Amino acid sequence: MSDTLQPLHTPIKRRSFFQYAGATAGATALALAGCSKDSDPAAIVPVSSISLGTGDVGMLNYAYALEQLEAAFYAQVVKTPAADFLSGELAYFTQIATHEAIHRDFLKTAISGAGGSLLPTLTPIFTSINFSSRASVLNAAKTFEDLGVAAYNGAGVLLKSQTYLTIAGQIVSVEARHAALIRDLLSPGSFADDNQVDATGLDKQMTPTDVIAAAQPFITEKLDASSVGK
Amino acid sequence: MNFFQIISEIEKVDPEVYDRLDSRRSIFKHMTGLGQKLTAAAVPLALGAIFNKAYAQTPVGATVNDVLNFALSLEYLESYFYNAGQASTTLQSGLSATNKAALELIRIDEANHVTFLRGVLGTAAIAAPTTATFDFTGGKGSAGGPFADVFTNPATYLAVAQSLEDTGVRAYKGGAALLMSNKTVLTAALNIHSVEARHASRLRAMRRAGPNNNAASQGVPVAPYNAAPKSWISGTDNGGASPTQTAPIYGAGNNTNAPTNVTFDAESNTTQGGTNLTGLPNTTGLSAAAFAVAITEAFDEALDVTTVKTIARTFVVNGSTFLA
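Residues numbered from 1 in each chain as written. Chains lettered and ligands numbered in written order. Predicted model: local features only at pLDDT ≥ 70, side-chain atom pairs only at ≥ 80, totals over all residues.

1. Quick word on the overall build of chain A
Counted only if it meets this: Secondary structure is summarised from DSSP: a helix means a run of H or I of at least four residues, a strand means a run of E of at least two, and numbering begins at the N terminus for each. Burial is judged by counting other C-beta atoms within 10 Å of a residue's own C-beta: 20 or more means buried, 12 or fewer means exposed, and anything between counts as partly exposed, with every C-beta placed from the backbone. Contact definition: two residues whose C-beta atoms, as placed from backbone geometry, lie within 7 Å.
Within chain A, the regular secondary structure consists of six helices and two strands. The order of helices and strands in chain A, counted from the N terminus, is α-β-α-α-α-α-α-β. Counting over 230 residues, chain A shows a buried share of 52%. Here the analysis covers contacts within chain A between residues at least 6 apart in sequence; of these, 77% occur between residues at least 24 apart.

In C-alpha cells form, the structure reads like this:
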C-alpha cells in the first residue's frame, strides 16, 4: 500500500469551486436523467480531493479512473442483468465488461511500471442507474463510452510519450466500437449521430477536467484532474 | 560518438531525417570545419546545434503534411467507394432501411473527412483522384477482381466496407505518433480515427445480422468471424472478410521505421507496453484461452504507412501512382 496516493486534505478554493460547479452544470447533458439531485452544487462541495498527478503518469491515472468506473459499471450490469435485455445483449455486455476490466488492470500495471503513484480503488455511485431496466443501462453505457472516447481523444495532445499515445489510440478505437454498438442497441442508426460527430465528420474531444467533472457524480472520491498532463 | 548511429536512431522517429540534412549540405560543410577546430568533448554540442538547425529551420508541416496527404488518400478511397455504393440501385435494393441510412451517414462522414483534410492542407493537398483511379473489385482495372459483385451484392459490399474501415482505423492509429509536433492536427486526426472505428463497428454489426436486417446490432457473431464478425476485432478475425485479400489488414506491420517503443503488431497481439497481459487477473471467469482472446479484442493495433499503402492499393488500378 506504500504506492497508494494519500488524499490531499486541502480545502478547495472558492473560485475553483465555482468553476467546478459550472463544469458540472455544463455536463448535465451527458449525465443521466434522474441524477439532477446529485448535481446540486451544495451537495457536491469537495472537502478534499485526490490529485490524479502530473505528466504522463497523471494521464495514466486519469485513464485508470475512467476504466475503473466503466469496469465497475459493466460488472454490475453482468451481475444483475436487466430482465428486458433482448436476445444476445447480455453476451455483448459480458464481453465489454471483460474488455474494460482488462483496460483497468493494464493501466494499473502500466502506472506501477512507470514508477508512478497509483490512484486508489474508487468507490462508484450508481444510484442514478436502474440496473433492472434495459433502457437505463444502455443510456448509462452510452454516456460512459462516449465520455471515454472524448477523454482519450482529448488526452492525445497531453501525452508526452509516443508509446502512451499509441496505446491510448489502441484503447480509444475499442471504446468507439463499444460506443457505436451501444448507441445502435439504444437507437438503431445512432452509431455516429450528429450530436456526437460534427459537420466536418469529427468526433468529440474533452479536457481531463471536463471529463472528470462529468464522471464525478458516479465516483465517491473527489478527483482533481487540474494537473493532469502538465 | 557515432554520428551515423545517431542519425539512424533519429530515423526511427523521423524517417525523413536524411532529407532534412541532405537539403542542408552547407551544414555538412560547416561540420567538416568543426571537426578540425573542436575537441572531441565539444563534438556532441556541435551536433546538437546542427540538429537544432535542421529541425528548427525545416517547417514541421513538411512531415505533418505527408501524413495528412496519406490520410487524405485513404479518405478519397473510402469516399469514392461509398459514393459508388449509394449510386447503385441494385445494391440499395438489397439493404434494409436502417442499413441504407447508416451507409449514407458513413458516406457523408467520409466526404466530410476529405473536405476537412483538404482544408487543413490547403495548397499542399494532393490533387483529387479521378474515379477511374479505383477498381473496388480488386481487379486492378479489370473490374473483374475477387470482389467482382461489390456494387451489386450487399454482402460483398459490406465485406469490402468493413475491410476499408478497419484499415483506416489502424492507419490513423499508426499516424498519430507522427503528428505529435502539431497538437491541433493530432487532435483532429484522433477525432477522425474514432469516427472510423464507429463506422467499422456498425459495418460489422450489419454483416453479422445480414444486409437486409433492420436490427443490425442484434445479429449473433459466429466464430471464426469471417462472415459474422463481432463489433470489435477478435484475434486476427481469421483473416477478415475475405482472407486471401484481407488477411494483411489484421496482420503485423513493418517495424523498420517504427517510432521508439512502438511496434506494429498483428491484431492477435497480447503484449502491450512491454507487458504480457495474459498474466493480468482473469476476473470474469473465462478460460485462459478465452481471456487471451478478450485481451486481443480490448486493444486495436496500429499499422505503418507502407503496409497500409500496400493494402489500399488492392483497390487502385495498375499504372496509377495513387498511394504508391
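Having put the structure on the table, let's press on.
2. Digging into the overall build of chain B
For chain B, the helix and strand inventory stands at twelve helices and two strands. Overall, chain B shows an N-to-C arrangement of helices and strands of α-α-α-α-α-α-α-α-α-α-β-β-α-α. Look at the contacts in chain B between residues 6 or more apart in sequence, and 66% of them connect residues 24 or more apart.

3. Describing the interface of chain A and chain B
By a widely used convention, the size of an interface equals the accessible area lost when the partners come together. Applicable threshold: In the scheme used here, Gly and all other residues not listed as nonpolar or charged are polar, with Ala, Val, Leu, Ile, Met, Phe, Trp, Tyr, Cys and Pro taken as nonpolar and Asp, Glu, Lys and Arg as charged.
Contacts between chain A and chain B engage 47 residues on the former and 59 residues on the latter. Listed by contribution, the elements that provide at least two residues to the side of chain A that touches chain B are α3 (89–113), α4 (134–155) and α5 (162–186) of chain A. Counting residues per element, the side of chain A that touches chain B draws most heavily on α5 of chain A, at 18 residues. The residue inventory of the side of chain A that touches chain B, partitioned by class, reads 24 nonpolar, 19 polar and four charged.

4. Points about helix α2 (residues 55–79) of chain A
The α-helix winds at 3.6 residues per turn, so residues separated by three or four positions along the chain end up facing the same way. Put simply, the test is: The span expected for a helix works out to 1.5 Å for each residue beyond the first.
Along its 25 residues, α2 of chain A runs 36 Å from first to last C-alpha, staying within 8% of the 36 Å computed at 1.5 Å per residue. Buried residues dominate α2 of chain A, accounting for 19 of its 25 residues.

5. Some details on the environment of R118 of chain B
Residue and element names in this part refer to chain B. Checked against the element boundaries, R118 lands in helix α7 (residues 97–121). A count of 18 C-beta atoms within 10 Å places R118 in the partly exposed class. If near-sequence neighbours (up to four positions away) are discounted, R118 is found in contact with L72 and A125.

6. Structural notes on the environment of T270 of chain B
Residue and element names in this part refer to chain B. With respect to the helices and strands, the residue T270 is situated in the loop between α10 (243–250) and β1 (271–272). For the pair T270 and F299, spaced 29 residues apart in the sequence, the C-alpha separation amounts to 8.5 Å. Each residue touching T270, except ones within four places of it in the same chain, is listed here: N276, L277, T278, A292, I295 and T296.

7. Examining helix α9 (residues 183–209) of chain B
Residues and elements named next belong to chain B. The terminal C-alpha atoms of α9, which comprises 27 residues, lie 39 Å apart, in line with the 39 Å expected from a rise of 1.5 Å per residue. Counting buried residues along α9, 24 of its 27 residues qualify, which places the element largely inside the surrounding structure. The positive-phi residue at the C-terminal boundary of α9 is G210, with phi of around 100°.

8. Quick look at the packing of α7 of chain B against α9 of chain B
Helix packing geometry: the angle between the two helix axes and the distance between the axes. Residue and element names in this part refer to chain B. Rules: Angular values range over 0 to 180 degrees, each being the angle between N-to-C directions of two axes fitted as lines to C-alpha atoms, with helices fitted over their stretch in contact. Geometric relationships in this document are graded by angle, where less than 35 degrees denotes roughly parallel, more than 145 denotes roughly antiparallel, 65 to 115 denotes roughly perpendicular, and other angles denote oblique. Each helix crossing is assigned a hand: it is left-handed if the near helix lies turned anticlockwise from the far helix by less than a right angle, otherwise right-handed if that turn is clockwise.
The interhelical angle for the contact between α7 and α9, taken along N-to-C directions, is 160°, at an axis separation of 11 Å. One finds that α7 runs roughly antiparallel with respect to α9. Seen from above, α7 lies across α9 with left-handed handedness. On α9, the residues touching N99, A102, I106, D109, H113 and V120 of α7 are V185, A188, I192, V195, H199, R202 and M206.

9. Concerning the confidence of the model for chain A
Low pLDDT means the predicted coordinates in that region are not meant to be read closely. Spelled out, the test is: Confidence of the predictor in every single residue is expressed as pLDDT, which spans 0 to 100.
Residues with a pLDDT of 70 or more make up 80% of chain A, whose mean pLDDT is 85. The low-confidence segment residues 1–43 of chain A (pLDDT under 50) makes 55 contacts with residues lying over four places distant or belonging to another chain.

10. Observations regarding the nonpolar core
Put simply, the rule reads: What we call a nonpolar core is a set of buried Ala, Val, Leu, Ile, Met, Phe, Trp, Tyr and Cys residues whose membership is set by joining through C-beta atoms within 7 Å.
Membership of the largest hydrophobic core comes to 144 residues, with the highest contact counts inside it found for M59 and A168 of chain A together with A71, L77 and A189 of chain B. Apart from residues lying up to four places away in sequence, A168 of chain A is in contact with Y152, A155, G156 and L159 of chain A.

11. Quick word on unusual backbone geometry
For residues besides glycine, phi is generally negative; the peptide bonds are generally trans as well. Between A223 of chain B and P224 of chain B the backbone carries a cis peptide bond, its omega angle lying at 5°. Tracing the backbone shows P224 of chain B in the loop between α9 and α10.

12. A word on the environment of F218 of chain A
All names here are of chain A. Position of F218 relative to the elements: it lies in the loop between α6 (208–215) and β2 (223–224). With 38 residues separating them in the primary sequence, F218 and A180 have C-alpha atoms 22 Å apart. Dropping the residues within four chain positions of it, F218 is found in contact with L69, P124, I125 and F126.

13. Quick word on the confidence of the model for chain B
For chain B, the mean per-residue pLDDT works out to 86, and 81% of the residues sit at or above 70. Taken as a whole, residues 17–62 of chain B scores under 50 in pLDDT and shows 21 contacts with residues more than four places along the chain or in a different chain.

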